[in-house]
Amino acid sequence: MEKFARFKFMPPIPLGKEGTRICDSKEQRLFSREAAAECAVLLKNENGALPLKNEKIALFGMGAYDFLICGRGSGEIYTCYHQNFYDGVKDKEQNGKLSVYEPISDIYNAVYMPAREKNQKDPNLYLQELEIADQDINTAAANSDTAVIVISRVSGEGGDRKAEKGDYYLSDTEVSLVERVSAAFKKTVVILNVGAVLDLSLLANNPNISAILCGWMPGSEGGKALADLLVGDKNPSGRLTDTFTVSYDAYPGAAQFNADDLSLAYTEDIFVGYRYFETLPNKKEQVIYPFGYGLSYTSFETGNVAATQDGDKITVTATVKNTGDCAGKQVLQLYCSAPQGVLGKPSKQLVAFAKTDLLAKGDSQELSLCFDIKDIASYDDLGKIEKSAYLLEKGDYEILLGVNVRDTESVYTYTLNDNRIVFKTVPRCVPSKLEKRLLADGSFEALPQSDYVMDYGKRESLGGTAPAEQINFDKVGETISLKDFIAQLTDEELLDLTIGKEGFGLCNTACFAGNKRLDIPNVPTADGPAGIRLWPQTGCYTTCWPSATALASSWDIDLVYNVSRAAAMEAKECNFGIWLTPALNIHKDPLCGRNFEYFSEDPLISGKMAAAIVGGMQSLKISACIKHFACNNKEKERLKSDSRVSERALREIYLKGFEICVKESDPWSVMTTYNKLNGTYTPENYDLITGILRGEWGFKGMVSTDWDTLSNKVNVIKAGNDMIMPSCDKRPLCEALEKGELTRADLEACVERILSTYLKLV
Ligand code: BGC
């Protein structure tokens, strides 16, 4: 096949065994089901209520029938079938593992089925909770053993969730259903079919609720996977990647979130998620389920703990033994408690984690958790010790091993006698409108109001020499160097290469630009992250995988790598070159509408998961496009809003996951955001793109805007954001070129990075 044929002709070539299609194949569906089971988190299980033991269940809650496999917006994946939790449970009935008390299901199905038939093609169909009469509940309780209630929450791109009943909090109908059902039944189990954190205080504290299983948005086979867990065909092994608290107001950013549409003050600074609850006075008791928490149907013991230090590397090994009655997996988590010092620190930070294989009853496995002490250096943005430096303050660094952030034991102490500078840089992305920030003792520190002005620098021409006769793109690296190839392009052609081109065939998200004359392909992109997003009207369907939060909750890097590879095979079969994923913004606030597309409140787990995804897809030559860089932490007014964040919080929390991902997995492209960062739109942010991403981290790939950004396109190019997507008005760029505000050298720099990326795709 010709070198770039996939992008030029989109050949319908199946890539599966013996000429079969991979997209949405039986094997892919099976793997999606397996993955979904690994992601669910068992939050409560009184007296071994789960797994069910051949019980007759009554299935309540609209979510059991109108089950959500994924979120809304560009992260929504269309499948050719609807399979809900009720279907999963019916499968188990067929296998003799439980039975279903149908009169309750009949009530829900009477609403669900006609609505689904009528709205077969309406992806936004989402039915509200039904009122169920006391009499129906009581008759069901008299005729079955256990009630299972599914609570569902939809969310998506373009809007944030609300701290209101029916969204973050349970609706009155849900509360009434839960209270009446759990009072009537001997046993009540709640399944959560949600994208992100919601208020669980009523469920956690209700003694009549025996079990809570958080199944997330689990992908196309999630209904079956959750039924596998319900009856114990699978054992839950997920752990939370976020903190669940007593109320929304308990979160440190709650007062600021959407207080002002056009800006967001990151006043809680580095104290995001568990860093806040574990550190600040009297906050621990506000946590219902801590970060890292999750139960199993079996029990484990950790023994033979040993710690060694080799220079800056600390390794902790431990043996995990399954001491219970069924096979299961355990996750060990390593935290570091740094000295408070002058800068102040979170009292615990996740530094490493590892998951066992499936351990049979009585079996053991040794796990090894390793990290570099330099990775938890603090960033001194105000110069309290050394300005613009990452540094380790002198004192004792306690290394803690545990099974969640709360349950840890000290296993090693690393002592530093003097302050140590790890990396020195210069002020970048300096805030000018963030007035104060939170400190570890709960007080606030006033921040200087800087009048910092960003400098766009100057670029040198690549200095290539055009060949006497035209040479096409497929010969780059063979008969011509990239530099000389680029010398053949006119200024206008260079400019055209920085502006996205219309999608065709299966591609609904536009292409990264090409050039007809020199046969540079337009490279089709596809959205994610829960799979390859195609329009349903194409008639071509793909597999929907568990959402990013769900995948991260598996704490299983290998699983996530393999899911990414499996999904990328579908991207390849559909002839995409770039999959617009993973998305790794921090769960700053539980209400951000796109949290389900992101991994966690913690940057380490976000970075590691993103790196696994990048590794999986790029092993198949599908380019990742890690997004949204950076601080896209709310959806309301995302095109205009200014994220105001200290340099320290930016580097230690919001950029850290990107940094880990870039350094560990070398993503070939990055997507900037819609929002501004400290007053400058991120695609125009030279400091962010050229200074930090490329300069400090050594990123070699290309940078794309998010779709239809409001940023100034001349600045975008000067800042080093190479591709403007999905397109833009060319005139201001041409004018800037004529006036010399934009130079050929600026464009050459972008095009070199764009074309280097394309060359990796074949
Ligand atoms: C989203 C991106 C997405 C892009 C293309 C934007 O609205 O923010 O995440 O990849 O659209 O669909």
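Residues numbered from 1 in each chain as written. Predicted model: local features only at pLDDT ≥ 70, side-chain atom pairs only at ≥ 80, totals over all residues. Heavy atoms only, no water.

Asks: What is the right way to look at the overall build of the protein chain in this model?
Replies: When helices and strands are counted, the protein chain shows 20 helices and 30 strands. Taken against the 2.2 N^0.38 rule, which gives 27 Å for 762 residues, the C-alpha radius of gyration of the protein chain at 26 Å falls within 12% of a compact globule. The C-alpha extent of the protein chain, read off along each of the three principal axes, is 85 × 65 × 50 Å. When each of the 762 residues of the protein chain is scored for burial, the buried share is 64%. Relative to all contacts within the protein chain whose residues are 6 or more apart in sequence, the contacts with residues 24 or more apart total 76%. Summed over all atoms, the accessible surface of the protein chain reaches about 26,700 Å², with 48% contributed by carbon and sulfur. Seen as two clouds, the 84 positive and the 105 negative side-chain charges of the protein chain have centres 2 Å apart. (Helix = DSSP H or I, 4+ residues; strand = E, 2+ residues; numbered from the N terminus. Rg over C-alpha atoms; globule rule 2.2 N^0.38 Å. Buried < 20%, exposed > 50% of the residue type's maximum accessible area, 1.4 Å probe, protein only. Contact = heavy atoms within 4.5 Å. Areas by Shrake-Rupley, 256 points an atom, 1.4 Å probe, with all protein chains shown as cover. Lys, Arg positive; Asp, Glu negative; His and termini not counted. Charge placed at Lys NZ, Arg CZ, Asp CG, Glu CD.)

Asks: I would appreciate a short explanation of the site of the ligand in the present structure.
Replies: Looking at the ligand, there are 13 residues lining it, with Glu157, Asp527, Arg594, His628 and Asp706 nearest. Here an oxygen atom of the ligand and a side-chain polar atom of Asp527 are 2.3 Å apart. Notes on the ligand: free accessible area 310 Å², of which the protein chains cover 91%. Here the shell around the ligand is composed, by residue class, of four nonpolar, three polar and six charged. (Near = heavy atom within 4 Å. Polar contact = N/O pair within 3.5 Å; in protein donor to acceptor, adjacent residues only side chain to side chain. Nonpolar A, V, L, I, M, F, W, Y, C, P; charged D, E, K, R; others polar.)

Asks: Explanation requested: the nonpolar core in the structure shown.
Replies: Soluble globular proteins: nonpolar side chains tend toward being buried together. Grouped together as the largest cluster of nonpolar side chains are 176 residues, with contacts concentrated most on Phe60, Phe85 and Leu192. Ranked by residue count, the leading element in this core is helix α14 (residues 603-618), at eight residues. If we ignore the near neighbours within four places in the chain, the residues touching Phe85 are Leu59, Ala64, Phe67, Val148, Val150, Ile191, Gly223, Leu226, Ala227 and Leu230. Counting residues in each nonpolar core, the second largest holds 46 residues, with Phe485, Ala510, Ile724 and Leu742 among its members. (Core = buried A, V, L, I, M, F, W, Y, C linked by side-chain atoms within 4.5 Å.)

Asks: Would you explain the pattern of salt bridges in this entry?
Replies: Opposite charge on two side chains allows them to pair when their charged atoms are near. Here the structure, examined in full by the defined rule, presents 55 salt bridges. Residues Arg437 and Glu445 are paired through a salt bridge, measuring 2.8 Å at the closest nitrogen-oxygen approach. Across the pair, Glu445 and Arg437 agree in class, each one buried. With a shortest N-O distance of 3.8 Å, Asp474 and Lys475 are connected by a salt bridge. Its relative accessible area of 32% is what places Lys475 among the partly exposed residues. Look at the salt bridges and you will find they share partners, linking Arg33, Lys92, Lys97, Asp228 and Asp233 into a network. (Salt bridge = Lys/Arg side-chain N within 4 Å of Asp/Glu carboxyl O.)

Asks: Would you take a moment to explain the environment of Cys734 for this structure?
Replies: Looking at the element boundaries, Cys734 is found in helix α19 (residues 731-739). Along the primary structure Cys734 and Tyr78 are separated by 656 residues, whereas in three dimensions their C-alpha atoms are 40 Å apart.

Asks: Which parts of the structure should I look at to understand helix α3 (residues 85-94)?
Replies: Restricting attention to buried positions, one finds in α3 the residues Phe85, Tyr86, Gly88, Val89 and Lys92. On an axial view of α3, the arc spanned by its buried residues comes to 160 degrees, and they lie on one face. One side-chain oxygen at the N-terminal end of α3 lies 3.3 Å from the backbone nitrogen of Tyr86; it belongs to Asn84. In the stretch just after α3, Gly96 is the one whose phi turns positive, near 75 degrees. (Arc of directions from axis to C-beta.)

Asks: Could you clarify how one ought to interpret the sheet that holds strand β8 (residues 263-265) in this entry?
Replies: Sheet strands pair by backbone hydrogen bonding; their relative direction is either parallel or antiparallel. Overall, mixed pairing links the four strands, which are arranged β8-β26-β28-β29 in an open sheet. Lying at the two open borders of the sheet, with one neighbouring strand each, are β8 and β29 (680-681). Here strand β26 (residues 642-644) runs beside strand β28 (residues 676-677); their pairing, made up of two bridges, is parallel. Bridge pairing in β28 places Ser643 opposite Leu677. (Pairing = 2+ DSSP bridges.)

Asks: When you look at the packing of aromatic side chains in this model, what are you seeing that I'm missing?
Replies: Here the distance between the centres and the angle between the planes together describe a pair of aromatic rings. Under the defined criterion, the tally for this structure stands at 25 aromatic pairs. Relative to Tyr248, the ring of Tyr168 has its centre 5.5 Å away and its plane inclined at 65 degrees; by these criteria the two rings are edge-to-face. Here Tyr168, found in the loop between β4 (146-152) and α6 (172-184), pairs with Tyr248, found in the loop between β7 (244-245) and β8; they are 80 residues apart in sequence, far enough to count as distant. Among the residues examined, Tyr168 registers a relative accessible area of 0% and is labelled buried. On the basis of relative accessibility, which here comes to 5%, the residue Tyr248 falls in the buried class. Ring geometry for Phe629 and Phe658: centres 5.0 Å apart, planes at 65 degrees, overall edge-to-face. (Phe/Tyr/Trp six-rings, centres within 6.5 Å; stacked < 30°, edge-to-face > 60°.)

Asks: Is there a simple way to explain the packing of helix α5 (residues 134-143) against α6 in this structure?
Replies: The description of two packed helices rests on the angle between their axes and on the distance between the axes. It is at 9 Å that the axes of α5 and α6 come closest, and there the two elements cross at 30 degrees. Crossing of α5 against α6: the hand is right-handed. The residues of α6 that touch α5, namely those facing Asp134, Ile137, Asn138 and Ala141, are Arg180, Val181 and Ala184. Here the residues of the contact of α5 with α6 sort into four nonpolar, one polar and two charged. (Axes fitted to C-alpha atoms, helices over the stretch in contact; angles between N-to-C directions. Left-handed = near helix turned anticlockwise from the far one by under 90°.)

No statement about biological role is implied by the geometric values presented.
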